[in-house]
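# An overview of the molecular structure
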Amino acid sequence: MAWKEPSDAERRLCEQLAAHGLPVSWAKIRRWREFGALPWKKQQGLGRGSGSTSDLLPETFVVAEALALATAKKRPLEQAVLHVFTTRPRFDQFAAATSVPLPECAVRRALAWHITRDGSHPLVAIEKAAQSAGSCPDKAMDAALESAHRYFRKLYRKAKQQGHQVGTAPAAPRNLADADALATFAVATVLGFDTFGADAIVEAVSKSLPELADEHGEQVFAQLQNAVREVEGDGKSPFSHRPHWPSLQDRVQRMEQVEYSTICTVRNVLAVLVEASPTLALARIAGVEDPDVRHIEKVRTSNQRTDEYLRRAEAISRTPPERVWQGFTSLLLGVCTAPRRLSRFPEDVTALDPALDDLPALGRRTLARIIASSDDKA
């Protein structure tokens, strides 16, 4: 269907952007409007038979400028919205662009788009592999297993190539048998433990623990396998209380149920962690003695989730600027689509207080101590 001619407001916005060195067509602005990405004053009628008019809001140009910068490399609009939502596109900084007032509907649409396309999480990749096999359960199982084994074996080899001591790299398998066991658990989580079979799961666990491959270990796993079979013989499921991996539709619906203010708060907190990461990494490598750094390390040791957030924030801080939005969005969704994780998020991150209250001061102290240490050695 052919579009109407540009409105006066759309023409003015084109002119404003061009004046700032950002040539954007009115058709592109119209697409942004229809997506819901631009704050826009509601149309007002001019009277019967006289049509209507619309106007720009004070924040319209701010959002349009950010979108123009984010779409300069012909990104999909959804990706551009997430780029603006998670970074400052003009300067490619890591901190979230809290000053860009993107409309809620655009952010939600972009997040839902990312959920359906993100394959960075191994369980998502397994789910997609199973779905690609069609309606045949056996083919779905084979595709899921192939995807899972490929992922966890690659994770093991990567940790080994990077020089990590076996079993010390975060989330990395300790050996190839452990990688295969993790793959088994991952597939069972996605497709359902009952569908996969208890015997296969117990066998995978036994193979991933070579330190128990003695007579006593064999006895332990034999007893476990017998216990599982007894439960199944009674017509019950040994995994009835284990939560399943939520489907794609479940994850989208969960995100829709999260208050937008909560999404923004999580985004802002994660942005602080990403911004603090280079300083914390430098302090850790240099062995800087600072009370705030010691406090953070103490919290990391005692809280596995907080440690995970800090590790992933550090990984995001090392990502090329054009790809920061991907890791940041995946982390944001990982928090917001898991109800228990989301409910514990405030406790997990406030445990770091007040160490990250003044990041510039922490950075200055870290550099000062490194310089002082260098002078002492000289």
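### Quick look at the overall build of the protein chain
Check the secondary structure of the protein chain and you find 18 helices and 2 strands. Each of the 378 residues in the protein chain was classed as buried or not, and the buried ones make up 42%. Residue pairs at least 24 apart in sequence account for 65% of intrachain contacts in the protein chain once pairs closer than 6 positions are excluded. Working note: accessible area of the protein chain is about 21100 Å², and carbon and sulfur atoms make up 52% of it.

### Some details on the environment of Val288
With respect to the secondary-structure elements, Val288 resides in the loop between α13 (260-286) and α14 (291-302). By relative accessible area, which is 10% here, Val288 ends up buried. In this structure the C-alpha to C-alpha distance between Val288 and Ile370, which are 82 residues apart in sequence, comes to 6.9 Å. With residues up to four places along the chain from it excluded, the contact list for Val288 reads Ala283, Val293, Thr366, Arg369 and Ile370.

### Concerning the pattern of salt bridges
Where charged atoms of side chains with opposite charge meet at close range, the side chains can pair. One pass over the structure, following the stated rule, counts 18 salt bridges. With a shortest N-O distance of 2.6 Å, Glu10 and Arg30 are connected by a salt bridge. One end of the pair, Glu10, is in helix α1 (residues 8-19); the other, Arg30, is in helix α2 (residues 26-35), with 20 residues separating them in the sequence. Here the two residues Glu10 and Arg30 agree in accessibility, since each one is buried. Here Asp307 ties to Arg311 by a salt bridge, and the two come within 3.2 Å at their closest N and O atoms.

### Describing the packing of aromatic side chains
Using the criterion set out here, one finds 3 aromatic pairs in the structure. Note on Tyr151 and Phe152: the rings are 4.9 Å apart at their centroids and 90° apart in plane angle, and the pair reads as edge-to-face. The aromatic ring of Phe85 is capped on one face by Arg267, whose charged end is 4.3 Å from the ring centroid.

### Re helix α12 (residues 248-257)
Regarding α12, the residues found buried are Arg251, Val252 and Met255. Around the axis of α12, the buried residues are gathered within 100° of arc, so they sit on the same side. Away from its buried face by more than 90 degrees, α12 exposes Gln249, Glu256 and Gln257. Residues of α12 that are buried sit in contact with α5 (104-117), α6 (122-132), α13 and α16 (324-336).

Cut-offs applied
Residues numbered from 1 in each chain as written. Predicted model: local features only at pLDDT ≥ 70, side-chain atom pairs only at ≥ 80, totals over all residues. Heavy atoms only, no water. Helix = DSSP H or I, 4+ residues; strand = E, 2+ residues; numbered from the N terminus. Buried < 20%, exposed > 50% of the residue type's maximum accessible area, 1.4 Å probe, protein only. Contact = heavy atoms within 4.5 Å. Areas by Shrake-Rupley, 256 points an atom, 1.4 Å probe, with all protein chains shown as cover. Salt bridge = Lys/Arg side-chain N within 4 Å of Asp/Glu carboxyl O. Phe/Tyr/Trp six-rings, centres within 6.5 Å; stacked < 30°, edge-to-face > 60°. Lys NZ or Arg CZ within 6 Å of the ring centre and 35° of its normal. Arc of directions from axis to C-beta.

Nothing here speaks to function; it is geometry throughout.
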